[in-house]
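# Analysis of the macromolecular model
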Amino acid sequence: MDDILNEIKAMDLKASWLGDWEFEVLTPKDRLASTLSYLKLKGFKAFMGLSCVDWIEDGTFELVYIIQSYDLALEAIVKTKIPRQKPVIESMRSLWGLCEVYEREMHEFFGIEFVGNPNLKPFFLENWLDTPPLRKDFDTLAFSEELFEFKEDETHGIKPPKRIE
Amino acid sequence: MELNPLKESNDEYKYYELFIGPNHPGIEGNFSYVLKMKGHSVVEVTADPGLLHRGFEKLMERRLWTQNLALIPRICVPEPDVNEVAYCMGIEHMMKIEVPKRAQYIRVIVLELARIASFLFGMSGLGGTTGHYTSVQWLVGDRDYILDLFEWLTGGRVYHIYQYPGGVKNDLPVGWLDKLSEYLDYLEKRLPEYDKFIFQNPIIQKRTVGLGYISAEDAIENGLTGPNLRASGVMYDIRKAQPYLVYNELDFEIPKTGDGDAFSRVLQRRLELAESIKILRQCVKQIPDGPHKTKVPNPFQFRVPKGSFYSKVESSRGEFGYYIVSDGDVKPYRVYVRGPSYSIGLHYATKALVGMRIEDVPVWIHTTDMCPPDFDR
């Protein structure tokens, strides 16, 4: 099972085991498509999910592609970083048609543009004009305080929500 | 006058729009498909999620690691335990906590019981969509005994909030395992009746055999997991391939149906139900004595080391995954939930339902056993 990891390392990419059945690959933005298509050729045919982590202090978004090989019983977690200002990345829908919906979700919740995805319409949210809600700078407490009224005399003893520090 | 029926006319009443859901017995949960119809046939499908969206991933970032345990069972309503176990397993891996053997066995018992409950609930949905209402009452009635067992064990019928990093909250009550064995005896007696009444029933067979065929390539390409994938002939089960908890100590098989149509998907679930009973029987026999939890830091000092991990559990619908990112704080930095119904409900259904007749749409939805709360999370 270490063979595949050594092959990835030979391509000048950082790779390491996360657990017994999964490893992570760190790839620069412009080599994402080639890394994913290489892994797909190696048997990682099933696309399991796309996620994003907002590293607000570094000013980057980390995109996380989770793909799986049924023959090797392994999970590959491919990570790439893009700048937080004007986040643009290539769409992977030519590799997996399934990516289209995942990218649509990430577009809605993080405001990331996926070049080549024609279907980046609103998905889960309705008439959303605020900051994309899963970004770290979106303040849920301020949002709910602005949207809902909390009056002392009408709350029947229920206090408005407080932040856990 | 043009008499060719195949020629497209510009009649604006030729196509119409039909909403399946959000409040419809043919859909599971508050979610809808907007179907563009031509006569009886579906021409275009648009998935319209959002009504159930509760923003769990954002809410988790604002709560302590252990507070989240009360929140996440809500992500999948019919089978809430997979969330708790996957989340706890992720945390334990990152904190390098060793879970006692007894706790692992208890987790397997809870997971398999939840799987049976979820299978029964899912199969009862099929009865609702085919007009076979007696099966709904039978199956939901038999599921109720499982909820009774859960109520005795955890205090909750639907949401259990029973798992905790490092083990489970309470040990098994005295006499609980005997009651469980009694229930398994009862369920085993019921299985031949189910077969005769539901699976060999001409109505169910006529509605499901040959409907919505999914090939193995399609299933892999579109990210299907669990019984839907196995019914298409790809024999992949996380419990076998990447064994977690104590599944490597238990003897069970992955039943093979492999036709890929709606009936084989239902049959796959029925056969896996029998395997779950087998697993539970072994657990009752093999469960060791010992502690049911290990000591972990108190909730306000509960810090998970920096890093990330993707932990996953085989649920009754497929792979349920939690991608957990920690920056070493008392709260998670980011948690991503991979629901097993996401790919089939939001992506594959929009392709597979095209060309289908209107009465087959709810049947197809129920045989894939999708659960909108886990993608509209």
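The rules behind the values
- Residues numbered from 1 in each chain as written.
- Chains lettered and ligands numbered in written order.
- Predicted model: local features only at pLDDT ≥ 70, side-chain atom pairs only at ≥ 80, totals over all residues.
- Helix = DSSP H or I, 4+ residues; strand = E, 2+ residues; numbered from the N terminus.
- Contact = placed C-beta atoms within 7 Å.
- Rg over C-alpha atoms; globule rule 2.2 N^0.38 Å.
- Buried ≥ 20, exposed ≤ 12 C-beta atoms within 10 Å, placed from the backbone.
- Nonpolar A, V, L, I, M, F, W, Y, C, P; charged D, E, K, R; others polar.
- Core = buried A, V, L, I, M, F, W, Y, C linked by C-beta atoms within 7 Å.
- Pairing = 2+ DSSP bridges.
- Axes fitted to C-alpha atoms, helices over the stretch in contact; angles between N-to-C directions.
- Parallel < 35°, antiparallel > 145°, perpendicular 65-115°, else oblique.
- Left-handed = near helix turned anticlockwise from the far one by under 90°.
- pLDDT = per-residue confidence, 0-100.
- Expected span 1.5 Å × (residues − 1).

## A closer look at the overall build of chain A
Looking only at helices and strands, chain A has 4 helices and 7 strands in total. Along its sequence from the N terminus, chain A presents helices and strands in the succession α-β-β-α-β-β-β-β-α-β-α. In chain A, 46% of the contacts between residues at least 6 apart in sequence involve partners at least 24 apart.

## Quick look at the overall build of chain B
Check the secondary structure of chain B and you find 13 helices and 8 strands. Taken against the 2.2 N^0.38 rule, which gives 21 Å for 377 residues, the C-alpha radius of gyration of chain B at 22 Å falls within 12% of a compact globule. In terms of overall dimensions, chain B has a C-alpha envelope of 85 × 50 × 35 Å along the principal axes. Counting only residues that meet the buried cut, chain B has 48% of its 377 residues in that class.

## A look at the interface of chain A and chain B
The partner chain B presents 30 residues to the 27 residues of chain A that form the contact. Of all elements in the fold, only strand E3 (46–55), strand E4 (60–69) and strand E5 (74–83) of chain A reach the threshold of two or more residues within the side of chain A that touches chain B. Take the side of chain A that touches chain B: its biggest share by element is 6 residues, from E3 of chain A. For the side of chain A that touches chain B, a count of residues per class yields 19 nonpolar, 4 polar and 4 charged.

## A look at the nonpolar core
Ranked by internal contacts, the top residues of the largest apolar core, which has 124 residues, are Val64 and Ile67 of chain A together with Leu113 of chain B. Not counting chain neighbours up to four residues away, the residues in contact with Leu113 of chain B comprise Ile146, Leu149 and Leu280 of chain B.

## A word on the sheet that holds strand E7 (residues 319–326) of chain B
Residues and elements named next belong to chain B. Sheet architecture is open: 3 strands sit in the order E6-E7-E8, paired in antiparallel fashion. Looking at strand neighbours, the two that pair on one side only are strand E6 (307–314) and strand E8 (334–338), the edges of this open sheet. In this sheet, neighbouring strand axes are inclined to one another by 10 degrees on average, regardless of whether the strands run parallel or antiparallel. Bridging between E6 and E7 involves 8 bridges; their strand directions are antiparallel. Bridge pairing in E7 links Tyr310 to Tyr323.

## Let's talk about the packing of helix H3 (residues 101–130) of chain B against helix H4 (residues 133–154) of chain B
Residue and element names in this part refer to chain B. Between H3 and H4, the least distance of the axes is 8 Å, while the angle of their chain directions is 160 degrees. With respect to H4, the element H3 is oriented roughly antiparallel. Seen from above, H3 lies across H4 with left-handed handedness. Contacts between H3 and H4 involve Leu113, Ile116, Ala117, Leu120, Phe121, Met123, Ser124, Gly127 and Gly128 from the first element and Tyr133, Ser135, Val136, Leu139, Val140, Asp142, Arg143, Ile146 and Leu149 from the second.

## A word on the packing of helix H10 (residues 262–286) of chain B against helix H12 (residues 360–367) of chain B
Residue and element names in this part refer to chain B. One way to put it is that H10 packs onto H12 with a least axis distance of 9 Å and a crossing angle of 35 degrees. Read as a crossing pair, H10 and H12 show a hand that is left-handed. Residues Ala262, Arg265 and Val266 of H10 pack against Val363, Trp364 and Thr367 of H12.

## Looking at the confidence of the model for chain B
With 95% of its residues at a pLDDT of 70 or more, chain B shows a mean pLDDT of 87. Reported confidences for the modelled complex are a pTM of 0.88 and an ipTM of 0.86.

## Details of the sheet that holds strand E1 (residues 15–20) of chain B
Note: strands within a sheet are paired through backbone hydrogen bonds, in either parallel or antiparallel orientation. All names here are of chain B. The strand order across the open sheet formed by 3 strands is E1-E2-E3, and the pairing between neighbours is antiparallel. A strand with exactly one partner marks an edge of an open sheet, and here the two such strands are E1 and strand E3 (41–48). Across this sheet, the average inter-strand angle for adjacent strands is 25 degrees, counted without regard to direction. By the bridge criterion, 7 bridges tie strand E2 (residues 32–38) to E3 in an arrangement that is antiparallel. Within E3, the residue paired with Ser32 across the bridge is Asp48.

## Details of helix H11 (residues 342–352) of chain B
It helps to recall that an α-helix has 3.6 residues per turn; residues three or four apart then point in one direction. Counting buried positions over the 11 residues of H11 of chain B gives 8, a clear majority of the element. Those residues of H11 of chain B not exposed but buried are Tyr342, Ser343, Ile344, Gly345, Leu346, His347, Tyr348 and Ala349 of chain B.

## What about the pairing of E7 of chain B?
All names here are of chain B. Burial analysis of E7 places 8 of its 8 residues in the buried class, which makes it a mostly covered element. Across the two faces of E7 the burial is the same, with Glu319, Gly321, Tyr323 and Val325 and Phe320, Tyr322, Ile324 and Ser326 all buried. From the end of E6 to the start of E7, which pair antiparallel, there are 4 residues, and Gly318 there has a positive phi angle of about 135 degrees. Where E7 lies against E8, 5 bridges are found, and the strand directions are antiparallel. Across the sheet, the residue bridging to Tyr322 is Val337, located in E8.

## Quick notes on unusual backbone geometry
Trans peptide bonds make up the majority, and among non-glycine residues the majority have a negative phi. Of note in this structure, Asn127 of chain A is not a glycine but carries a positive phi near 50 degrees. With respect to the helices and strands, the residue Asn127 of chain A is situated in the loop between strand E7 (113–115) and helix H4 (140–147).

## Some remarks on the environment of Lys189 of chain B
Residue and element names in this part refer to chain B. Examined against the element boundaries, Lys189 turns out to sit in helix H5 (residues 176–199). For Lys189, a count of 9 C-beta atoms within 10 Å gives the class exposed. It is 30 Å that separates the C-alpha atoms of Lys189 and Val85, two residues lying 104 residues apart in sequence.

## Topic: helix H3 (residues 99–110) of chain A
Between its terminal C-alpha atoms H3 of chain A stretches 16 Å, which fits the 16 Å expected from 12 residues at 1.5 Å a residue. Taking burial as the measure, the 12 residues of H3 of chain A include 11 buried ones, the bulk of the element. At its buried positions, H3 of chain A is contacted by E3, E4 and E7 of chain A together with H11 of chain B. At the exit of H3 of chain A stands Gly111 of chain A, carrying a positive phi of roughly 75 degrees.

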